Structure formats: C-alpha cells, structure tokens
Amino acid sequence: MLGFVLNVSREPVRPPRPPGEFVRIGGVVLHVVRSGPVDAPVVLMCSGLGGAWLSWDAVAPLLDDRCHVVRFDRPGLGWSAPDPRPPTASREAYRMRALLRGLGLPGPYTLVGHSLGGLFGEAFARTYPELTAGLVLTESACEPVDRFGRHRELKLRIARTCGAIAQRVGASQLLGPSLRELGVRTQSRRGVETADARHTHGAFCHGATVTAAMIERATCYDMAAELGMLRGGHPMPQVPAFVLSATGPRKDPAAVRRWREHQRLLASVVGAEHREIEDSAHLMPIDRPDAIADAVLEVIGRCGLGQRGDW
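Residues numbered from 1 in each chain as written. Predicted model: local features only at pLDDT ≥ 70, side-chain atom pairs only at ≥ 80, totals over all residues. Heavy atoms only, no water.

Q: Please explain the environment of Ile292 as it appears in this structure.
A: Summarising the element assignment, Ile292 is placed in helix H10 (residues 289–303). The class of Ile292 is buried, set by a relative accessible area of 0%. (Helix = DSSP H or I, 4+ residues; strand = E, 2+ residues; numbered from the N terminus. Buried < 20%, exposed > 50% of the residue type's maximum accessible area, 1.4 Å probe, protein only.)

Below, the structure written as structure tokens:
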C-alpha cells in the first residue's frame, strides 16, 4: 500500500465547480452555499472539525422555506482557499461576521454550530451580541481549557508538514475521503453519508483539506482556552439558545455521564436550554437533522423574526 501511494506523482484534477459562490473575505477566498428566501431570517451554519458546507445537506432543506440558510467552508476546507494564519476563536468569529456582511446580510443572525463549529458560534455570540438573534449548539465542543499553549508551535509545524507530505505524494485524494467515510461510519447511528455524492469527493480529496483539518485538531485546545477567557469579559446576549446533545453510541457508561454533564454545563454557561436527542450519535446533522431544524425554527419563533423588512 505504501508503495502504491508513493508512486502517485500528483493529485488528480478536482471535480467540476461546486454549487454556490466564492467570496473574498480578508484576503481569503471562501466558498459559500446559500438557500431559501433572501428576505427571510438568516441562519449561519458552521461545521465541525474538518467539515464542509455539505455536512448540513440533510438539515438545510428542512429550513429553506422559512430561512435564508448560509453554509460555508472555513479556510482550507471544502472549496475555500487556505489561510496562512492558524485559526483562533476570535479570528473565526470575525470571519463569520465579515462573510455575512460581505454577502449583504445585515442581521441579526441565528448561529448553528456542530462540534468545533459550536465553539465558533459561541465566540461569535459573545463578541457580536448585537448581531446575534439566537444560538443552536449541536454536540458542541467541550474541550478542557488547561492545555492552552502546550507545544502549540510544534503541533502546528507537525500538522503542516504531514499535510504537505500527503499532498506531495498524492495521498490526499485517498486520505481525505477515507477519513470522512470513517467518521460517518463510526460517529453516526445511520452510518450512511447524507451529503450529495456528487460533491463529497471534491470537498475532501485535496491536500489543503487534510492540512486544515490537522491544524484545527492541533489548535482546538488553544481555541477552547481562548473561549474560556472570552467568557470572562463578554457575557452572552439574552437570546433564545439550545444545546443539543446525543444519547449514543458511547459504550462506556462513565463516558456517557461525563459528556452529559459537560453538555449540561455548557448549556448553563451560555444560558441555553439543554435537550438530549434520542437516536443520534455525534454526527447529529446526519442522524437527526429534524431535531436541529426544529430547534432553529423555535429560536426564530421566539425571536419573532419574520421577513427582513419587518425587523
């Protein structure tokens, strides 16, 4: 197998252009997919670690009648260009704000985040409370905050080096899609991809995605610690919010209890209602898109958001 990979001299040509549009934000070209009425309440969806816009393929259609749904690829992921700077919670919150303004969407916005994307959603709400209509955190990251700064530069160098090697030897077109498939099989109850098959390979097959995912993994504890400091000086806005956590398939009872307690604590910290979602594992956008859509619509209903001209 190693010999086969090393004999691949370059990566194949990527598939045709994906749906959506490309917007330059802060010098980085981001891929964005929008759906739903342009004058409806705006819902911004932020994927988990290493994810892409298509991570929400099963959720977006459930909202398109009543919301203007915005999905995007963070730098280096999906079809967005890389950013030479490593991600931080504050930088990603600013990027989300700049993207929405660049699209001509004045807000307020409902933020929906899955896993690591939940961390960015909370950072946005605390940094820009006046632009936040509501928050839905789905299996949101609850990383320990005591690992801040531990070998950060070394971890970044390792992530970039491994990603560059994977791209150079042509392994990215195998590694990226394989990791996505493994995640779907092991972190969802359904175990079946719900994203459009025409786009999954193109979103995950290139070297930038592998590198960006590795960098996000290398810096997730630092970003969690950064969010912890942000909490100290930036209170949450008083808006409708939900924390949705899955009940399975963690087999270790102690791990189940710890995760449930972490999610309850997160709900308390952000002033949200905690809901445990049955028949779902970590990839709730695959297992229970209906539960996420219901929470989003409830947030919008509680806000009283109608057509944008009524705000």
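Q: Looking at this model, I keep getting lost on the pairing of strand S5 (residues 109–114). Mind explaining?
A: Buried residues dominate S5, accounting for six of its six residues. Here five bridges tie strand S3 (residues 42–46) to S5, and the two strands are oriented parallel to one another. Bridge pairing links Val42 to Tyr109 in S5. Taken together, the six bridges between S5 and strand S6 (residues 132–138) define a ladder with parallel strand orientation. Its bridge partner being in S6, Val112 is matched across the sheet by Val136. With respect to chirality, the unit in which S5 leads through helix H3 (residues 116–127) into the neighbouring parallel S6 is right-handed. (Pairing = 2+ DSSP bridges. Right-handed = clockwise from strand over helix to strand, strands pointing away.)

Q: Explanation requested: the pairing of strand S4 (residues 68–72) in the structure shown.
A: Two faces make up the sheet, and in a regular strand the side chains alternate between them. The buried fraction of S4 is high, at five of five residues. Residues His68, Val70 and Phe72 of S4 are buried on one face, and the alternating residues Val69 and Arg71, pointing to the opposite face, are buried as well. Relative to S4, strand S2 (residues 28–35) is paired through four bridges, and the arrangement is antiparallel. Counted as the bridge partner of Val32 is Phe72 from S4.

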